[in-house]
Amino acid sequence: MAQGDAHTDDRDEDLVVTSLRRAGCVFAEDEARILREAAVSAVHFEELLAARTAGAPLEHVVGHVEFGRLRLQVGPGVFVPRQRTLLLAELTVHAVQAARSSDTPTPVFVEAFSGVAPLAASVHAAAPQAEIHVTDIDEQALAFARANAGADAGVHRGDVLAGLPHRLRGTVAVIAAVPPYVPVPHASLLPREARDHEPSAALFGGDDGLAHARALIEQSVAWLRAGGRLLMELHAGQLDEALRTIDLEVFSIAHHLADDGQTVVLDLTAAARTCPIRTRATDRSCDGMPS
Ligand SMILES: C[S@@+](CC[C@H](N)C(=O)[O-])C[C@H]1O[C@@H](n2cnc3c(N)ncnc32)[C@H](O)[C@@H]1O
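A. The pattern of salt bridges, seen in detail. By the definition in use, this model includes 14 salt bridges. Here arginine 52 makes a salt bridge to glutamate 193, at a shortest N to O gap of 3.0 Å. Here arginine 52 is found in helix α3 (residues 42–53), whereas its partner glutamate 193 is found in helix α8 (residues 192–197), with 141 residues between them in sequence. According to the relative accessible area criterion, glutamate 193 is partly exposed, its value standing at 32%. A salt bridge links glutamate 198 to arginine 82; its shortest N-O distance comes to 2.8 Å. Of this pair, glutamate 198 sits in the loop between α8 and α9 (211–223) while arginine 82 sits in the loop between β2 (70–73) and α5 (86–99), and the two are 116 residues apart along the sequence.

Here it is, written out as structure tokens:
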């Protein structure tokens, strides 16, 4: 809503803030301002306010989320990028920049489980020379990813990495992801907004939360180039179990703990010669893999 049209007297403003506060919005004044900025008319403002006080996430209501210096498009029915993912975004940008060399002027970057593609958008903004691809199983999320990841990004629908073009096998410099990693038994601990308004496929990763993470680690080997990196956000409490699945002949391992003490970024570097990862469940040879 244009500033001039946004006029409300103090009494109206108090009512708006009070109704937001009653609906459980802790930062009610800030939210009132954000709703006003997003509204294109007084009627529209009332609609946005009604949606928010009915419990819809603010980002779904206004259609965007601030992510670092970026404003990303989001909307109803998709996962809203979290501020805790800024650590992964920063590490991802550094990894892509470090992958750039005279031999590789356009390193290939893939955001897996991309949702609306906050990591690809970060790479696009800070390392525009990279060849960017995003992949997700949800077409609704990919519609937003198309808007956020840059006009040249490849947008691919598929299970884990299966939707990527075959020509990328063995060429990817960096894969980064926030897989769905909430353990199903922890569902009741999630904020109500997430449970009620984000798709469960975007949140849960099986009984221990690591089902998608394991699939990504296993599948990444075929797509990474020698020395390529896989960066993945998890909960710090999942780190030990995740590390147990990794074959040290295939990846060298680092991790980075966020300031919140709860978020961790697993940072895997593929060995010079990659082969399918051996987990407790699989023990495969390197035959037929790119070297
Ligand atoms: C936690 S969200 C992360 C989105 C984004 N990276 C972010 O941080 O905002 C996980 C995403 O994984 C997608 N997803 C769930 N299962 C999948 C699968 N089997 N293959 C590909 N994507 C999947 C969901 O659609 C969702 O968009």
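B. Region of interest: the sheet that holds strand β3 (residues 108–112). A sheet is described by the order of its strands in space; here 7 strands give the open sequence β5-β4-β3-β6-β7-β9-β8, paired in mixed fashion. Two strands in the sheet have a free side with no partner beyond their single neighbour: β5 (154–157) and β8 (251–257). Neighbour-to-neighbour, the strand axes of this sheet turn through a mean angle of 15°, independent of strand direction. Across 7 bridges, the pairing between β8 and strand β9 (residues 263–270) is antiparallel. Bridged to histidine 256 within β9 is valine 265. Against the sheet, α5 engages β3, β6 (172–177), β7 (224–235), β8 and β9, with an angle of about 175° to β7.

C. Region of interest: the packing of α5 against helix α6 (residues 118–126). It is the contact of α5 with α6, at a shortest axis distance of 9 Å, that shows an interaxial angle of 50°. The angle between α5 and α6 falls in the class oblique. Our pair here, α5 against α6, has a crossing hand that is right-handed. Mapping the contact onto sequence places Leu88, Ala89, Thr92, Val93, Val96 and Gln97 in α5 and Leu119, Ser122, Val123 and Ala126 in α6. When its residues are assigned to classes, the contact of α5 with α6 shows 7 nonpolar, 3 polar and no charged.

The rules we used
- Residues numbered from 1 in each chain as written.
- Predicted model: local features only at pLDDT ≥ 70, side-chain atom pairs only at ≥ 80, totals over all residues.
- Heavy atoms only, no water.
- Salt bridge = Lys/Arg side-chain N within 4 Å of Asp/Glu carboxyl O.
- Helix = DSSP H or I, 4+ residues; strand = E, 2+ residues; numbered from the N terminus.
- Buried < 20%, exposed > 50% of the residue type's maximum accessible area, 1.4 Å probe, protein only.
- Pairing = 2+ DSSP bridges.
- Axes fitted to C-alpha atoms, helices over the stretch in contact; angles between N-to-C directions.
- Contact = heavy atoms within 4.5 Å.
- Parallel < 35°, antiparallel > 145°, perpendicular 65-115°, else oblique.
- Left-handed = near helix turned anticlockwise from the far one by under 90°.
- Nonpolar A, V, L, I, M, F, W, Y, C, P; charged D, E, K, R; others polar.

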